[in-house]
Every structure is written in structure tokens, then in C-alpha cells.
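Take a look at the letters that make up each chain.
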Amino acid sequence: MNKNVKLLTVLVLCLLLVVAACSSNDSQEKDTEMELVKEGKLTFAMSGLYKPLNYKENNELVGFDVEIGTEIAKRIGLEPNPVTNPWETIIQGLKGKKYDAIIGSMAATEERAKQVDFTEPYYISGAQIFIDESNDSIKSKEDLNGKRIGVVQASTYLEDAKGFTEDIKSYPSDIYALQDLAPGRVDAVITDKIVGITAMQESNMKLKAISPMIRTENINIAVNKDNPDLLKAINEALASMIEDGTYEEISNKWFGVNLLEE
């Protein structure tokens, strides 16, 4: 091997070592800037009681929220670390630095935004009309006028229904209301988009969703207000997931639809 080749080899090796060192430093710096609870990990919380969004199966956290959080963590260059926390104290846990983010189907409300920062929506839910699959008389919300509508007792959907009819039937649960569509006991049911889609997936109910929704609700990821770098990193990861089709794959796996489409 001549001197020039030897010199070139040494230079290449040195360059590789510098790149590796810079990469390591960048990774450490990224962790520091993002103020992670556990170095090298994205720790994100949920209730673990909201199937199929987040729940436990064989002692392991699974569901749509878990997969979204796992993919985001990987794209940031971190190890995913999903954890559970009681819903009633989940924001307090975030502010207390028990975890880095809440990826647990939390709606971004004005009141919550006073305490935490929210990313762009990672799915859209809200009040949607569901009818029996064989019903061709209802094609839009305007067709609900004068129809019999089923809603859950003491829910906000009662007020939605009142905007269309006085013939309203209340139920103790969404499932009971949806089950009454097939025999025609009600013409339509107004309930949460996710509830209706889940009933179609898991209970094999023959339903149709009427679009657009009556009102929408953005579901976002929450992070602490003193962690803007993490907020930015999560938003960028989410945007890349949507752009390359990964988000739609995950959504279709769990719900058969793209949850970002109204």
C-alpha cells in the first residue's frame, strides 16, 4: 500500500470518528434540549382504559394511541416508553414531570391549554350521526328533521339532537342506542365518532356514518409548556408520518378509516 492510499485511509477513519462523535453529541444534546424524564426515552401517558385507543392486553399496553406514540418516539430517535396514569390526574402528572407527554386521546380545550401545550391534532373526533346500513332516507344532517334520534342520557349529544327534532329517545349506553337502529326503534343515533366506528369494527354492527360531523373535536398530544423543543419534535414526527402514509396505515389497522378525515 503506497503512502497516498495509507494517508487517505487514515483521513477517512478520522472523518468517520468525528461524524460518530458529533452524532453522539447531537443525540445527547437533543435529549437535554427536550428535557426528557428518562434519557433516551419518550415516556408518554394514557389511562390504559380506553379500548381500542389504549388498553392492556396480556399485561402489555396496546392500542391506537400506543402505536402512534411508539412511531413518534422512533422518528425522534428515542425509545418508546408508554405508561398509565389515572385520567383525573393525568395533567398533574405531566406537570409534575412523571412523563414527557400525554398521548391518551385528550381533547385540546381552552381550559387545558392554560396548563399544557398541545401539538397539532393526531386524530379528529366529535359528534357524528350513525344510521342503519339499509337506511337510504338520511343522507345529511338536514334529513334528521322530525326523525326519532337516539342519544346517551345526560350527554352533550342530547343538545345536538334537540336542534333537529323533539322526538328523542335516551339510552344508558351508546351500544344500546346503536343496537336499536337495525329494528327501526330510532332512525338515527348521535354519538362520538370513535364510539360508532368501534361498534362497527368490534360488534359487527351494520351502520353508516353520515358526514360531515355535526361538530368536531381535535385530539392532540400534550407536553409541558417549558418543553418547546419536544413539542416541535413531536409535531415534525407526526407530520412525516402523515406525509409518508404511516399514520393512515396505523389508523386503518385499528378503525378501518383515516381518523384525520372528517
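Residue numbers restart at each chain and count upward from 1, following the sequence in its written direction. Two thresholds apply to this predicted model, a pLDDT of at least 70 for residue-level local features and 80 or more for giving and counting side-chain atom pairs, whereas whole-chain, interface and lining totals are computed over all residues. Water and hydrogen atoms were dropped before computing side-chain values, which therefore reflect all heavy atoms in the structure.

(A) Summary view of the nonpolar core. To form a nonpolar core, buried Ala, Val, Leu, Ile, Met, Phe, Trp, Tyr and Cys residues must be joined to one another through side-chain atoms within 4.5 Å. Relative accessible area decides the class of each residue, using a 1.4 Å probe on protein chains only: under 20% of the type maximum gives buried, over 50% gives exposed, and in between gives partly exposed. One finds Phe 64, Ile 72, Tyr 122 and Tyr 123 to be the most contacted residues of the largest nonpolar core, which totals 38 residues. Listed by contribution, the elements that provide at least two residues to this core are strand S1 (41–46), strand S4 (60–62), helix H2 (64–76), strand S6 (101–107), helix H7 (193–202), strand S12 (207–223), helix H8 (228–244) and helix H9 (246–255). Looking at this core, the element that brings in the most residues is H8, giving 7 residues. Note on definitions: a residue-residue contact is assigned when non-hydrogen atoms from the two residues lie within 4.5 Å. With near-sequence residues (within four places) excluded, Ile 72 lies in contact with Leu 42, Ile 221, Ile 234, Ala 237 and Met 241. Grouped together as the second largest cluster of nonpolar side chains are 13 residues, Ile 131, Ala 161, Ile 190 and Ile 210 included. Secondary structure is summarised from DSSP: a helix means a run of H or I of at least four residues, a strand means a run of E of at least two, and numbering begins at the N terminus for each.

(B) Structural detail: the packing of aromatic side chains. Under the pairing criterion, centres of Phe, Tyr and Trp rings, with the six-membered ring standing for Trp, must be within 6.5 Å; the plane angle then separates stacked pairs below 30 degrees from edge-to-face pairs above 60, leaving the rest tilted. One pass over the full model with this rule turns up 6 aromatic pairs. Relative to Tyr 122, the ring of Phe 64 has its centre 6.2 Å away and its plane inclined at 10 degrees; by these criteria the two rings are stacked. In this pair, Phe 64 sits in helix H2 while Tyr 122 sits in the loop between strand S7 (117–118) and strand S8 (123–132), placing the two residues 58 residues apart along the sequence. Here Phe 64 and Tyr 123 contribute two aromatic rings whose centre-to-centre distance is 5.8 Å and whose plane-to-plane angle is 75 degrees, an arrangement assigned as edge-to-face. Here Phe 64 is found in helix H2, whereas its partner Tyr 123 is found in strand S8, with 59 residues between them in sequence. No difference in accessibility class separates Phe 64 from Tyr 123, as the two residues are buried. Here a set of aromatic residues connected by ring pairs shows up, and it is made of Phe 64, Tyr 122, Tyr 123, Tyr 247 and Phe 255.

(C) Fine view of the packing of H2 against H8. Interaxial angles span 0 to 180 degrees and are taken between N-to-C directions of axes, which are lines fitted to C-alpha atoms, for helices over the stretch in contact. Orientation of H2 relative to H8, taken along the N-to-C sense of each, is 110 degrees, at an axis distance of 9 Å. In terms of their interaxial angle, H2 and H8 are classed as roughly perpendicular. Two secondary-structure elements touch here, H2 through Ile 68, Glu 71, Ile 72, Arg 75 and Ile 76 and H8 through Ala 233, Ile 234, Ala 237, Ser 240, Met 241 and Asp 244. For classification purposes, angles smaller than 35 degrees are called roughly parallel, those larger than 145 roughly antiparallel, those between 65 and 115 roughly perpendicular, and all remaining angles oblique.

(D) Here's a closer look at the pairing of strand S3 (residues 54–57). A pair of strands is labelled paired if DSSP reports no fewer than 2 bridges between them. Of the strand pairs in this sheet, strand S2 (residues 49–50) and S3 are connected by 2 bridges, and their pairing is antiparallel. Bridged to Leu 49 within S3 is Tyr 55. The turn linking S2 back onto S3 is made up of 3 residues. Direction of pairing for S3 relative to S4: antiparallel, over a ladder of 3 bridges. Within S4, the residue paired with Glu 57 across the bridge is Glu 60. Joining the antiparallel neighbours S3 and S4 is a turn of 2 residues, in which Asn 58 adopts a positive phi near 55 degrees.

(E) Quick peek at the environment of Tyr 99. Relative to the assigned elements, Tyr 99 resides in the loop between helix H3 (90–95) and S6. In this structure, the C-alpha to C-alpha distance between Tyr 99 and Leu 42, residues 57 residues apart in sequence, is 8.1 Å. Residue contacts for Tyr 99: discarding those within four places in its chain leaves Val 37, Thr 43, Ala 45, Val 83, Asn 85, Thr 89, Ile 90, Gly 93 and Leu 94. Here a polar contact is recorded for every N or O atom pair within 3.5 Å, except that within protein the pair must consist of a potential hydrogen donor and a potential acceptor, and residues adjacent in sequence are included only if both atoms are side-chain atoms. Side-chain polar atoms of Tyr 99 contact the backbone oxygen of Ile 90, separated by 2.6 Å.

(F) Focus on the sheet that holds S2. Read across the sheet, 3 strands follow the order S2-S3-S4 without closing on themselves; strand pairing throughout is antiparallel. Both edges of this open sheet fall to S2 and S4, since each of them pairs with a single strand only.

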